[in-house]
Amino acid sequence: MSKKPEAEWEKLWRNIGKRFRRTLFELEGLLIKVGQIISSRADLFPQPLIREIEDLTDKVPPSDWSEIQEILEKEWGNNHKELLLSIEREAIASASIGEVYKGVLQDGSRVAIKVQRPHINSVVQTDFRTLSIAIWFANYFLPIPKGFINFKVLFSELKQVIERELDFTKEKETLLYFQERFKGNEIVQIPQVYTELCTSKVLVMEWVDGKKITDIAALDQLDVPRKELAERLIKVFLPQWLEPGTFHADPHPGNILVSGDGRIILLDFGMAGEISKNDASAFQSLIESFLAKNYAKAVECLSRLGFLLPEADTRMMERLLAEWMTFQPAKMTDMDLITFKRELNDMIQALPIQVPIRFVFLGRSVVAIEGIMTHLVPEEEILDLGKPIFMEWLMSQGNKWSFVNQWIQSQPIFRVFHSVTEFLKTPEKLELMKETEQRRQFQFTIYENHKKQLFLLTLFGLTGITAGIHLSNLLILKLFIVLSAFSIAGYAIIGYKLKKWMKYMHKKR
């Protein structure tokens with residue numbers, strides 16, 4: 001409202017970033033990960049803020065060396081000094097869960113020694129207790145459509161992933177898996193791991209030198225242009241998202257380096273996710289359908305993956321996808337952004353969509369890479385970069401005939417056959433809708449009958465109380481007071497359940 005100059009806005013965001021960073025350093029634990037996610041979204045948050053918090057990925061204040069030494073002695077025994085020729089007492093990198101120290105083994109090999117932060121287990125457990133309260137508030141009070149995302153399941157999944165990250169033996173296994181997966185790949189480098197020195201709190205890996213993926217000045221000095229680095233990044237992560245197996249779920253800027261010859265170096269495999277064979281196939285078909293502009297198939301894939309609720313209108317979803325794919329972000333400059341945001345929120349709440357919890361960490365991985373690429377090549381469209389790489393992957397690893405078939409189906413002449421097929425399926429769909437409606441009506445009848453029974457029981461209890469008072473019989477009075485209390489409580493509970501259940505009704509959506 002006061003039309004402040006750009007310099008004042010930069011100063012304001014810089015101060016906010018400093019306070020935010022300082023607070024996260026004080027709180028530690030899971031809150032550091034929140035800051036890491038924000039720091040990777042240069043396309044969503046102001047640059048002055050990003051610059052203040054971008055070192056959250058690897059520059060969290062380290063612990064006292066005495067505490068680190070105590071952990072090493074406990075994990076390696078009293079002869080831990082015999083295993084190392086030397087170790088630097090100042091942490092090279094320090095993040096939310098672990099700290100990395102540079103060392104040299106007795107044979108002269110340079111190594112990175114990742115040590116779990118002291119007392120991090122108790123800090124994380126405290127964070128989980130706090131987060132459970134926040135999840136409860138979010139579940140009941142945030143204006144998010146019911147069924148869009150199950151916060152309780154999300155919390156359970158997050159807890160499971162973080163607890164896995166606290167066990168370095170799991171990270172060692174994931175690291176070995178990625179070494180095998182990218183064996184012989186010339187554009188990616190995975191550090192070797194010294195398994196005999198690894199424990200649940202200590203991980204010893206080969207030392208690798210590289211430039212940070214967001215250090216634009218350093219990257220510009222390499223022989224490989226930034227656009228090619230962005231393409232290599234897609235080539236490394238796209239197969240992880242589209243092929244069955246494990247994917248890197250925490251690819252923030254601190255976990256990705258670039259070697260002197262332009263290879264992508266992946267670090268920190270503590271947070272990983274799994275893609276099933278069926279989901280990988282569905283994701284591949286989904287991307288193919290978008291590229292072929294076959295939106296009917298795209299809706300089918302979204303339903304198969306669990307993003308659409310059973311009552312979703314497929315025709316409406318097809319039209320929305322077609323409009324979304326033709327939307328031009330440049331038009332937003334002429335829009336009233338507040339009105340646009342309000343309309344977008346209303347539209348999302350009206351849509352029969354949900355977020356399957358098993359894809360939350362996959363989405364985090366995709367979003368993190370998108371943020372890095374936006375920082376790396378801001379002048380390039382990510383879809384334009386990704387399309388030829390996807391086609392290359394499709395021709396070598398995927399089912400190229402599936403894409404050709406989808407492209408043919410998307411052509412106008414073949415849409416007639418699709419319409420005929422949909423028409424022939426109409427009686428089956430109507431029967432399913434009728435069956436669904438009958439089930440809902442049956443459930444509604446059950447709730448209503450229970451309410452009527454409890455209401456009559458309450459009247460009976462009140463009548464008994466009146467009789468007990470009239471007869472001055474204390475036993476009858478107590479008996480019917482208890483009966484009335486139970487019936488009133490039951491009536492309130494059933495009424496609440498009925499009200500909550502009706503929010504899921506088809507007419508409401």
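Residues numbered from 1 in each chain as written. Predicted model: local features only at pLDDT ≥ 70, side-chain atom pairs only at ≥ 80, totals over all residues. Heavy atoms only, no water.

Student: Could you give an account of the packing of helix 11 (residues 277-291) against helix 16 (residues 382-396), with specific residues and numbers?
Tutor: For the pair helix 11 and helix 16, interaxial distance at closest approach is 12 Å and the crossing angle is 125°. On the basis of their axis angle, the class for helix 11 and helix 16 is oblique. Seen along the crossing, helix 11 lies across helix 16 with a hand that is left-handed. Of helix 16, the residues touching helix 11 (which contributes Q284, I287, E288 and L291) are K387, F390, M391, W393 and L394. Partitioned by chemical class, the residues of the contact of helix 11 with helix 16 number six nonpolar, one polar and two charged. (Axes fitted to C-alpha atoms, helices over the stretch in contact; angles between N-to-C directions. Helix = DSSP H or I, 4+ residues; strand = E, 2+ residues; numbered from the N terminus. Parallel < 35°, antiparallel > 145°, perpendicular 65-115°, else oblique. Left-handed = near helix turned anticlockwise from the far one by under 90°. Contact = heavy atoms within 4.5 Å. Nonpolar A, V, L, I, M, F, W, Y, C, P; charged D, E, K, R; others polar.)

Student: So what's going on with the pairing of strand 6 (residues 202-206)? Residues and values would help.
Tutor: Most of strand 6 sits out of view: four of its five residues are buried. Note: strand 4 (residues 110-116) against strand 6, five bridges, orientation antiparallel. The residue bridging V115 from the neighbouring strand is V202, located in strand 6. (Buried < 20%, exposed > 50% of the residue type's maximum accessible area, 1.4 Å probe, protein only. Pairing = 2+ DSSP bridges.)

Student: Break down a nonpolar patch on the surface for me, with residues and values.
Tutor: A cluster of nonpolar side chains, contributed by I133, W136, F137, Y140 and Y496, occupies part of the molecular surface with about 550 Å² of accessible area. Assignment of secondary structure puts Y140 in helix 6 (residues 120-141). (Patch = residues over 30% accessible without salt bridge, like charges linked within 9 Å, V, L, I, M, F, W, Y side chains within 5 Å. Areas by Shrake-Rupley, 256 points an atom, 1.4 Å probe, with all protein chains shown as cover. Salt bridge = Lys/Arg side-chain N within 4 Å of Asp/Glu carboxyl O.)

Student: Break down helix 8 (residues 168-181) for me, with residues and values.
Tutor: Taking 1.5 Å of rise per residue, the 14 residues of helix 8 would be expected to cover 20 Å, and the 20 Å separating its terminal C-alpha atoms lies within 8% of that figure. Residues F168, E171, K172, T174, L175, F178 and Q179 constitute the buried set of helix 8. For helix 8, the angular spread of the buried residues around the axis is 165°, confining them to a single face. For helix 8, the secondary structure elements touched by its buried residues are strand 4, helix 7 (151-165), strand 6, helix 10 (226-242), strand 8 (245-248) and strand 11 (272-275). (Expected span 1.5 Å × (residues − 1). Arc of directions from axis to C-beta.)

Student: Any chance you could break down helix 16 for me, citing the residues and the numbers?
Tutor: Taking 1.5 Å as the rise per residue, helix 16 with 15 residues should run 21 Å; its terminal C-alpha atoms sit 21 Å apart, in good agreement. For helix 16, the full list of buried residues reads L385, G386, I389, F390, M391, W393 and L394.

Student: How would you sum up the sheet that holds strand 10 (residues 264-266)? Please name residues and give values.
Tutor: If you walk across this open sheet you meet the four strands as 5-10-9-7, and the pairing is mixed. The open sheet is flanked by strand 5 (188-189) and strand 7 (211-212), the only strands paired with a single partner. For strand 9 (residues 256-258) and strand 10, the ladder comprises three bridges, and the chain directions are antiparallel. Within strand 10, the position partnered with V258 by the bridge is I264. Packed onto the sheet, helix 10 meets strand 5, strand 9 and strand 10 and runs at close to 45° relative to strand 10.

Student: Pulling in residues and values, what's your account of the nonpolar core?
Tutor: Within the largest apolar cluster, 78 residues are counted, with the highest numbers of intra-cluster contacts made by I256 and L266. It is helix 10 that provides the largest number of residues to this core, a total of nine residues. Setting aside residues up to four positions removed in sequence, I256 forms contacts with K211, K212, I213, L233, F237, P251, I264, I265, L266, I369 and I372. (Core = buried A, V, L, I, M, F, W, Y, C linked by side-chain atoms within 4.5 Å.)

Student: Give me the packing of aromatic side chains: which residues, what numbers.
Tutor: By convention here, two paired aromatic rings are described through the distance between centres and the angle between planes. Scanning all chains against the criterion turns up ten aromatic pairs. Taken together, the aromatic side chains of Y177, F178, F182 and F269 make up a single cluster linked through ring pairs. Sitting above the plane of the F128 ring, K159 keeps its charged end 5.8 Å from the centroid. (Phe/Tyr/Trp six-rings, centres within 6.5 Å; stacked < 30°, edge-to-face > 60°. Lys NZ or Arg CZ within 6 Å of the ring centre and 35° of its normal.)

Student: Describe the environment of E173, and please don't skip the residues or the numbers.
Tutor: Inspection of the secondary structure puts E173 in helix 8. Judged by relative accessible area, which is 47%, E173 ranks as partly exposed. Counting along the chain gives 20 residues from E173 to V193, while the straight-line C-alpha distance between them is 9.7 Å.

Student: Break down the pattern of salt bridges for me, with residues and values.
Tutor: Tallied over the entire structure, the rule returns twelve salt bridges. Salt-bridge contacts for E10 lead to R51; the nearest nitrogen and oxygen are separated by 4.0 Å. On the criterion of sequence distance, the pair formed by E10 in helix 1 (residues 6-27) and R51 in helix 3 (residues 47-53) is long-range, its members being 41 residues apart. Note on E10: relative accessible area 31%, which makes it partly exposed. Taking the relative accessible area as the measure of exposure, R51 reaches 44% and is therefore partly exposed.

Student: Let's hear about unusual backbone geometry: which residues, and what values?
Tutor: Residues other than glycine seldom take positive phi values, yet H119 does so here, at roughly 65°. The exposure class assigned to H119 is exposed, which follows from its relative accessible area of 59%. With a phi angle near 60°, D268 is a residue other than glycine that sits in the positive phi range. Counting through the fold element by element, D268 comes out in the loop between strand 10 and strand 11. Assessed through its relative accessible area of 16%, D268 is described here as buried.

Student: Could you give an account of the pairing of strand 3 (residues 98-105), with specific residues and numbers?
Tutor: The two faces of the sheet receive side chains in turn, since in a regular strand these alternate between them. Among the eight residues that make up strand 3, six are buried, leaving the element largely enclosed by the rest of the structure. Bridge analysis of strand 2 (residues 93-94) against strand 3 gives two bridges, and the strand direction is antiparallel. Pairing of A93 across the sheet is with V100, part of strand 3. Counting the residues between successive antiparallel strands, the hairpin from strand 2 to strand 3 contains three residues.

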